[in-house]
Amino acid sequence: MSDYAVTKTLDCKGLACPMPIVKLSMEIAKMKVGEVVEMLTTDPGSLADVPSWAKSTGNAVLESKQDSGLIRFYVKRQK
Amino acid sequence: MDIEKELSELKAKVNSAPGMENKLSMVVFSGELDKQIASLIIATGAAAMGMKVVLFYTFWGTAALRDPSKKAGGKDFMGTMFGFMLPKGRNKLKLSQMNMAGAGTAMLKSLMTKKNVASLDQLFEAAGALGVEINICQMSMDLMGMKMEEMIDYPGMKVVGVASFLADAKESAVQLFI
């Protein structure tokens, strides 16, 4: 399923709003355009927040997987 | 009909129209813990979403910016009284409801720690790292006898008047009063 390489894994497990997207935005800022970060979160609010964040900032959510309480997002820096 | 000329005129109009910038201006009027937390969560969330964020601390909110480890001298009687009566910084704030003589506040703080919700300290740190701008109302500082020397260290924090806030608010897509 993955035709992209994950540059970094960002562990946001256990963090609650707003920290997951705060950490995500800081991590993306450190990456180069085109790189992909794998973000792990247990915060249910992130299901809605990460796609909203991506839409607002012009980045892309390539994939998202949910496995019991753990949510995985693959986010690509697009600009 | 000069399309290019019309287009550039239109562009200029849109760019200078009020409320168009990807910016959030927030008046932080309240000095209660729950309202300060809400303000900072919204501010850091907005900054994480790529918005420029400007906070205008005024009235009771100003007390949250005091640094308990700092002192400011040279106050008159009223200034000293206010200094005594107002909370000394963000870790001394009360809930706006259910404070129950401090029990409610303590309960909320312990719940937040238990659920790993960011504390006010962590939120202020995140805000600083994300470039959230904090401006303090000059008049509130004057009225309550507060001085810059007793305020927290926060990158770029400065004293402004209402015109500065309104200029920021006018350009912002989102304006809030908490």
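The structure displayed is predicted, hence computed values, not measured ones. (Residues numbered from 1 in each chain as written. Chains lettered and ligands numbered in written order. Predicted model: local features only at pLDDT ≥ 70, side-chain atom pairs only at ≥ 80, totals over all residues.)

All names here are of chain B. Contact geometry for helix 2 (residues 33-48) and helix 5 (residues 120-129): axes closest at 9 Å, N-to-C directions at 30°. Judged on the interaxial angle alone, helix 5 and helix 2 are roughly parallel. In terms of crossing hand, the pair formed by helix 2 and helix 5 is left-handed. The residues of helix 5 that touch helix 2, namely those facing Q36, I37, L40, I41, A43, T44 and A47, are L120, L123, F124, A126 and A127. Here the contact of helix 2 with helix 5 is composed, by residue class, of 10 nonpolar, 2 polar and no charged. (Axes fitted to C-alpha atoms, helices over the stretch in contact; angles between N-to-C directions. Helix = DSSP H or I, 4+ residues; strand = E, 2+ residues; numbered from the N terminus. Parallel < 35°, antiparallel > 145°, perpendicular 65-115°, else oblique. Left-handed = near helix turned anticlockwise from the far one by under 90°. Contact = placed C-beta atoms within 7 Å. Nonpolar A, V, L, I, M, F, W, Y, C, P; charged D, E, K, R; others polar.)

Now for the confidence of the model for chain B. Residues and elements named next belong to chain B. Per-residue pLDDT for chain B has a mean of 93; in total, 98% of the residues score no lower than 70. Within chain B, no element has a lower average pLDDT than helix 1 (residues 3-16), which sits at 85, and none a higher one than strand 2 (residues 52-57), at 97. With a pTM of 0.86, the predicted complex shows an ipTM of 0.78. (pLDDT = per-residue confidence, 0-100.)

Residue and element names in this part refer to chain B. Taken in spatial order, the 5 strands make up an open sheet running 4-3-2-1-5, and their pairing is parallel. Two strands close off the open sheet at either side, each with one partner strand: strand 4 (158-160) and strand 5 (172-177). Neighbour-to-neighbour, the strand axes of this sheet turn through a mean angle of 25°, independent of strand direction. The pairing of strand 2 with strand 3 (residues 133-137) spans 4 bridges and is classified as parallel. Bridged to F56 within strand 3 is N135. Against the sheet, helix 2 touches strand 1 (21-28), strand 2 and strand 5, its axis set at about 160° to strand 2. (Pairing = 2+ DSSP bridges.)

This brings us to the sheet that holds strand 3 (residues 60-67) of chain A. Residue and element names in this part refer to chain A. Overall, mixed pairing links the 4 strands, which are arranged 1-2-4-3 in an open sheet. Two strands lie at the open edges of the sheet, namely strand 1 (6-12) and strand 3, each paired on one side alone. Looking at each pair of strands side by side, their axes are set apart by 15° on average, direction ignored. Across 7 bridges, the pairing between strand 3 and strand 4 (residues 70-76) is antiparallel. Across the sheet, V61 pairs through a bridge with V75, a residue of strand 4. With respect to the sheet, helix 1 (residues 19-30) is in contact with strand 1, strand 2 (36-41) and strand 4, its orientation differing from that of strand 1 by roughly 155°.

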